[in-house]
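As a plain string of letters, each chain reads:
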Amino acid sequence: MVGNGAGQPHAVVTGGAGFLGSHLCDALIASGYRVTCVDNFETGRAANLRHLEGDPRFTLLRRDLKDYGDADLAGPVDVVYHLAAPAAPADYLLDPVATMRIASTGTLNALDLARSRSARFVLASTSEVYGPAGEAPSREDSVGQVDPADGYGAYYEARRFAEALTTAYRATYDLRTAIARIFNTYGPRMRLDDGRVLSRFIRQALAGTPLTVPGPGTQTRSLCYVDDAVAGLLALADGGYPGPVNIGSPEAVSVFSIAQEVAEIAGPAAEIVFVEPPVTDSQARLPDISLATQLLDWQPRTSVHDGLTATLTWFQRVGARRG
Ligand code: NAD
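All values derive from a computational prediction rather than experimental measurement.

1. Description of the overall build of the chain
Right, so step 1: Along the chain, the regular secondary structure elements total 9 helices and 13 strands.
Right, so step 2: Seen through its C-alpha atoms, the chain measures out along the principal axes to roughly 55 × 45 × 40 Å.
Right, so step 3: Out of the 323 residues belonging to the chain, those deemed buried represent 52%.
Right, so step 4: Within the chain, contacts between residues at least 6 apart in sequence are counted, and of these 79% link residues at least 24 apart.
Right, so step 5: Carbon and sulfur atoms make up 53% of the accessible area of the chain, which amounts to about 13900 Å² in all.
Right, so step 6: Side chains of the chain carry 28 positive and 36 negative charges; the gap between the two charge centres is 5 Å.

2. Examining the sheet that holds strand β4 (residues 79-82)
Right, so step 1: Taken in spatial order, the 7 strands make up an open sheet running β3-β2-β1-β4-β5-β6-β11, and their pairing is parallel. Each end of this open sheet is capped by a strand with a single partner; those strands are β3 (58-62) and β11 (245-247). Each adjacent strand pair in this sheet contributes to an overall mean axis angle of 20°, direction not counted.
Right, so step 2: Pairing analysis gives 5 bridges linking strand β1 (residues 10-14) to strand β2 (residues 34-39), with the strands arranged parallel. Counted as the bridge partner of threonine 14 is valine 38 from β2.
Right, so step 3: Helix-sheet contacts for helix α3 (residues 96-116) involve β1, β4, β5 (120-126) and β6 (177-182), and the interaxial angle to β4 is about 170°.

3. Focus: the nonpolar core
Within soluble globular proteins, side chains that are nonpolar generally end up buried alongside one another.
Right, so step 1: In this structure, Leu24, Leu28, Tyr81, Leu198, Phe201 and Val262 are the most contacted members of the largest nonpolar core, which totals 64 residues.
Right, so step 2: Among the elements that take part in this core, helix α6 (residues 226-238) stands out by supplying 7 residues, more than any other.
Right, so step 3: In this structure, this core is formed jointly by two domains, domain 1 (10-184 + 225-247) and domain 2 (187-223 + 251-285 + 302-317), each of which donates at least three residues.
Right, so step 4: Once you skip the residues sitting within four places of it in the chain, leucine 198 turns out to touch Tyr186, Met190, Leu223, Ile258, Val262 and Leu308.
Right, so step 5: Of all hydrophobic cores here, the second largest spans 22 residues; its members include Leu61, Tyr68, Ala84 and Ala119.

4. Section: the site of the ligand
Right, so step 1: Taken together, 31 residues sit near the ligand, with Asp39, Thr43, Asp64, Arg159 and Arg196 positioned nearest.
Right, so step 2: At 3.0 Å, a backbone N or O of glycine 44 approaches an oxygen atom of the ligand.
Right, so step 3: Burial of the ligand by the protein amounts to 97% of the accessible area it has alone, namely 830 Å².
Right, so step 4: The set of elements that each furnish at least two residues to the shell around the ligand consists of α1 (19-30), β5 and α4 (153-173).
Right, so step 5: Here the shell around the ligand is built from residues that sort into 14 nonpolar, 9 polar and 8 charged.

5. Examining the packing of aromatic side chains
How two aromatic rings sit relative to each other is given by the distance of their centres and the angle of their planes.
Right, so step 1: The full count for this structure, using the stated rule, is 5 aromatic pairs.
Right, so step 2: Ring geometry for tyrosine 130 against phenylalanine 183: centres 6.2 Å apart, planes inclined by 35°, an arrangement best described as tilted. Of this pair, tyrosine 130 sits in the loop between β5 and α4 while phenylalanine 183 sits in the loop between β6 and β7 (185-186); the two residues are 53 residues apart in sequence, bridging distant segments of the chain. Each member of the pair, tyrosine 130 as well as phenylalanine 183, is classed as buried.

6. Structural notes on helix α9 (residues 304-318)
Right, so step 1: The terminal C-alpha atoms of α9 lie 21 Å apart, and with 15 residues this matches the ideal 21 Å at 1.5 Å per residue to within 8%.
Right, so step 2: For α9, every residue scored as buried is listed here: Val304, Gly307, Leu308, Thr311, Leu312, Trp314, Phe315 and Val318. Buried residues in α9, looked at end-on, bunch into an arc of 155°, giving them a common side.
Right, so step 3: For α9, the elements touching its buried residues are β7, α5 (197-207), β10 (224-225), β12 (252-254) and α7 (255-266).
Right, so step 4: A positive backbone phi angle near 95° is found at glycine 319, which sits one or two residues after α9.

7. Structural notes on the domain arrangement of the chain
Right, so step 1: What the domain assignment lists for the chain is domain 1 (10-184 + 225-247) and domain 2 (187-223 + 251-285 + 302-317).
Right, so step 2: Just the C-alpha atoms count here: the centres of domain 1 and domain 2 sit 26 Å apart.
Right, so step 3: With 24 residues of domain 1 at the interface, the matching set in domain 2 holds 16 residues.
Right, so step 4: When the area that domain 1 buries against domain 2 is broken down by residue, the three leading residues are Phe19, Asn184 and Tyr225, summing to 39%.
Right, so step 5: On inspection of domain 1 and its partner domain 2, the count reaches 2 salt bridges.
Right, so step 6: At the surface where domain 1 touches domain 2, the tally comes to 6 residue pairs in polar contact (both at pLDDT 80 or more).
Right, so step 7: Those elements that provide at least two residues to the side of domain 1 that touches domain 2 are α1, α2 (89-92) and α6.
Right, so step 8: Top contributing element to the side of domain 1 that touches domain 2 by residue count: α1, with 4 residues.
Right, so step 9: Of the residues assigned to the side of domain 1 that touches domain 2, the class counts are 11 nonpolar, 8 polar and 5 charged.

Rules and cut-offs
- Residues numbered from 1 in each chain as written.
- Predicted model: local features only at pLDDT ≥ 70, side-chain atom pairs only at ≥ 80, totals over all residues.
- Heavy atoms only, no water.
- Helix = DSSP H or I, 4+ residues; strand = E, 2+ residues; numbered from the N terminus.
- Buried < 20%, exposed > 50% of the residue type's maximum accessible area, 1.4 Å probe, protein only.
- Contact = heavy atoms within 4.5 Å.
- Areas by Shrake-Rupley, 256 points an atom, 1.4 Å probe, with all protein chains shown as cover.
- Lys, Arg positive; Asp, Glu negative; His and termini not counted.
- Charge placed at Lys NZ, Arg CZ, Asp CG, Glu CD.
- Pairing = 2+ DSSP bridges.
- Axes fitted to C-alpha atoms, helices over the stretch in contact; angles between N-to-C directions.
- Core = buried A, V, L, I, M, F, W, Y, C linked by side-chain atoms within 4.5 Å.
- Domains from an automatic or database assignment.
- Near = heavy atom within 4 Å.
- Polar contact = N/O pair within 3.5 Å; in protein donor to acceptor, adjacent residues only side chain to side chain.
- Nonpolar A, V, L, I, M, F, W, Y, C, P; charged D, E, K, R; others polar.
- Phe/Tyr/Trp six-rings, centres within 6.5 Å; stacked < 30°, edge-to-face > 60°.
- Expected span 1.5 Å × (residues − 1).
- Arc of directions from axis to C-beta.
- Buried area = accessible area lost by both parts, 1.4 Å probe.
- Salt bridge = Lys/Arg side-chain N within 4 Å of Asp/Glu carboxyl O.

What follows is the structure, given as structure tokens:
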């Protein structure tokens, strides 16, 4: 736990109303933190935090981080987790300029908040910084290759800028920063409209329609269960290591076997059909997690079967509208 030893430690989570952020808020509260979430609900959901309403350990500030100072933030802060950013292609391509503003001005504001409170700062970066042609498995010292003008630059170039800014604050102000490069994460509260293959399978299973596997189905994905990813972020905050460090599953799972697992969990009526693959169906971006294992004693613990069962069961309980 990151704390100053005087009273209950306080964590700020930007983007805390989102998929990953809301699970992080839960984990922090469970481990004894007071948590302030700063979120403008651009892609986040009130329902993700409803269970925390009225909890004295939790404060929600509905603010846009792009123009946020920290005047309304009470008391000392021990750690700032910066997750606010559109994460799904459908979101970050919708308004690429806003995507770049949150990665630049938003990250500046989050870093200034941490600096003014002498807090530890953890940046939720992404495997996208390795670029579309990145090596698999990707190591943290891989330079990555991105084309800033290929139309997707608003996302991965913006996130590279956020990493550079975080590194600059560390070098210039001695801020205790850390960078997590998060790979594909799934679980309850994930967005089912994020364009990923697993989200589509879950939507189809809930609707009782066939699961459509883009042929031949041997393409692979790396799937990290959300509780494991959150544990990685907590371990990174607790240690002194600046990163970047990969947080993701090193296991490449074929798209067909994901469909099989989902179909099996959904019940005997679930069908799988093969469809034409999209022109640019990608292979998995796979992390090398040696650093996280050595330095943070971290690795994913949840099997794909258990994680998918927990996820699908949750969606079956709350309904597809929550995705
Ligand atoms: P999400 O869209 O569910 O959550 C992002 C949150 O940020 C939302 O609650 C949104 O409202 C908030 N936000 C966006 N712009 C904001 C602004 N200007 N001011 C305040 N709040 C703002 O996404 P997620 O999947 O939970 O991802 C969280 C972080 O983790 C992102 O930085 C993302 O890039 C990173 N990440 C996620 C994954 C994944 O598989 N989910 C993989 C790699 C990296």
